[in-house]
Amino acid sequence: MDEGTRDFLKGLFDAAVDAADPLVALRDAMPERPRGRTVVVGAGKGAAQLAAAFETLWDGPLSGVVVTRYGYAAPCRQIRVLEASHPVPDAAGMTATQALFDAVDGLGPDDLVVALVCGGGSALLPAPPDGLTLEDEQALNRALLASGAPIGVMNAIRKHASRIKGGRLAAAAAPARVVSLVVSDVPGDDPAQVASGPTVPDAVGVAEALAMIDSRSIALPDRVLAHLRGGQAAAPDPDDDVFARHEVRVIASARLSLEAAAHAARAAGVPAVILSDAIEGEARDVGQVHAAIVREVVARSRPFAYPVVILSGGETTVTLRGTGGRGGRNTEFLLAAALALEGVPGVAALAADTDGIDGSEDNAGAFADGSSAARMRAAGTDPAAALARNDAWGAFGAAGDLFVPGPTGTNVNDFRAFLIRSPTAEG
């Protein structure tokens, strides 16, 4: 893939990320100043950047605390920024969770709590209920991450094994007014699903969560499963009076970011289409479906005529099948697509997580084209074997195709772009 093609695809990614820039996202969503105090709380991989932007835009005194992933902090003047582990929670997350509860303790009806919530908050806010430990919550997260369950299922289960998720932090702030400003990283943009909704309750009860576990045969730790079945795990009901004065605003999402990327492509003279901003499913399966659409465009100019950029977003999942593999859902998606597109001319792709980190490594995703699989083999890596052991990072690393922009300061989920030019095009 030539540098011009990489730069074009990276430009689309940058447009998507810029559309979710905290200052842009918050500017039209700022709440009115209260008569009393203003306290900011928050969690997620972009929470520190949101907090810094809020300080810039807020006209008045404030205090508060937010928690973000290690290495994702941003300087704030009045809001304390704490760091903790993601995707598996740690003791620092327990300390941060208590700091959020302390920040909203003792507030009155004239006070305002602003909750800055974005993706990643589920792991950053461990708060095991009575009878469970941090080790139990860590085991729960590992089991859910390995299950391949969609994010809505994982969060429905997590919120019933927590003291903060499912609206519990908002309930603890009563009688203060709570305004939740949410950057959505979940398909459908349900704010109750973002970070498992520490300030936004939803209606999925314990019985439904248990049914999800059974229907998907999710192997939860015995102690967590016993807690869920014990009858004391229910999260607050959305109709509870404690939430009567609360407001929830989704200020950035995959939909808005994909629309910005499409606009950028068209401005560069390339037509663009958005398949969906809410695609879920097994990453490798979704990659094969995208590849099939691309092959149809190349071979028959349908359902779209080339040249065209095909965009999509959402949140796929990865079921761990091998051991020792490295990577995340975007690289696994793209490795499956690269195998299915081997030898197809005039195609280039980028798949990346908009927060800048895909899985456990330092890359956001990777680039691919019709020659990717062959170049992986030439570098000594069998791409099919790498996919079988969930080692997409190793395969793209061998080919020199990892995409490493660094943390972006926001998170609106997966970004996928396929550029299809004339089948005779090179690069």
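It should be emphasised that the depicted structure is a prediction, and the values quoted were computed from it without experimental measurement.

(A) Summary view of the domain arrangement of the chain. By domain assignment, the chain separates into domain 1 (3-16 + 255-420) and domain 2 (22-253). Taken together, the contacts link 20 residues of domain 1 with 24 residues of domain 2. At the boundary of domain 1 with domain 2, total buried surface from both sides reaches about 1700 Å², with 51% on carbon and sulfur atoms. Three residues stand out in domain 1 for area buried against domain 2, namely E315, G409 and N411, and they jointly supply 28% of the buried area on that side. In this assembly, domain 1 and domain 2 are joined by one salt bridge.

(B) Summary view of a negative patch on the surface. On the surface, a cluster of negative charge is made up of D237, D239, D240 and D241. By the secondary structure assignment, D239 is in the loop between helix 10 (222-229) and strand 6 (247-252).

(C) Expanded view of the packing of helix 9 (residues 206-216) against helix 10. For the pair helix 9 and helix 10, interaxial distance at closest approach is 10 Å and the crossing angle is 140 degrees. Taken together, the axes of helix 9 and helix 10 lie oblique to each other. From helix 9, V206, L210, I213 and D214 reach across to helix 10, where they touch L225, L228 and R229. Of the residues assigned to the contact of helix 9 with helix 10, the class counts are five nonpolar, no polar and two charged.

(D) Summary view of the UniProt feature "domain: MOFRL-associated" (unreviewed entry) in the chain. Under the present numbering, the feature "domain: MOFRL-associated" (unreviewed entry) in UniProt falls on residues 9-229. Structurally, residues 9-229 is divided into 42% helix and 14% strand, and its ends, taken at the C-alpha atoms, are 48 Å apart.

(E) Structural context of the environment of L116. The residue L116 is located in strand 4 (residues 112-117) in this model. You can call L116 buried: its relative accessible area is 0%. Sequence spacing of L116 and I157 is 41 residues, and the spatial spacing of their C-alpha atoms is 22 Å. When neighbours within four sequence positions are excluded, L116 is seen to be in contact with L26, V40, V41, G42, A43, L50, A51, F54 and L181.

(F) Here's a closer look at the nonpolar core. In this structure, V41, V113, I157, I213, I218, L220 and L228 are the most contacted members of the largest nonpolar core, which totals 50 residues. At five residues, the largest contribution of residues to this core is made by helix 4 (residues 91-104). Setting aside chain neighbours within four positions, we find V113 in contact with V39, V41, V104, L107, A173, A176, R177, V178 and V179. Counting 32 residues, the second largest nonpolar core, distinct from the first, contains A336, L341, A368 and F396.

Calculation rules
Residues numbered from 1 in each chain as written. Predicted model: local features only at pLDDT ≥ 70, side-chain atom pairs only at ≥ 80, totals over all residues. Heavy atoms only, no water. Domains from an automatic or database assignment. Contact = heavy atoms within 4.5 Å. Buried area = accessible area lost by both parts, 1.4 Å probe. Salt bridge = Lys/Arg side-chain N within 4 Å of Asp/Glu carboxyl O. Patch = residues over 30% accessible without salt bridge, like charges linked within 9 Å, V, L, I, M, F, W, Y side chains within 5 Å. Areas by Shrake-Rupley, 256 points an atom, 1.4 Å probe, with all protein chains shown as cover. Lys, Arg positive; Asp, Glu negative; His and termini not counted. Charge placed at Lys NZ, Arg CZ, Asp CG, Glu CD. Helix = DSSP H or I, 4+ residues; strand = E, 2+ residues; numbered from the N terminus. Axes fitted to C-alpha atoms, helices over the stretch in contact; angles between N-to-C directions. Parallel < 35°, antiparallel > 145°, perpendicular 65-115°, else oblique. Nonpolar A, V, L, I, M, F, W, Y, C, P; charged D, E, K, R; others polar. UniProt positions renumbered as here; feature names shortened; annotations may be inferred. Buried < 20%, exposed > 50% of the residue type's maximum accessible area, 1.4 Å probe, protein only. Core = buried A, V, L, I, M, F, W, Y, C linked by side-chain atoms within 4.5 Å.

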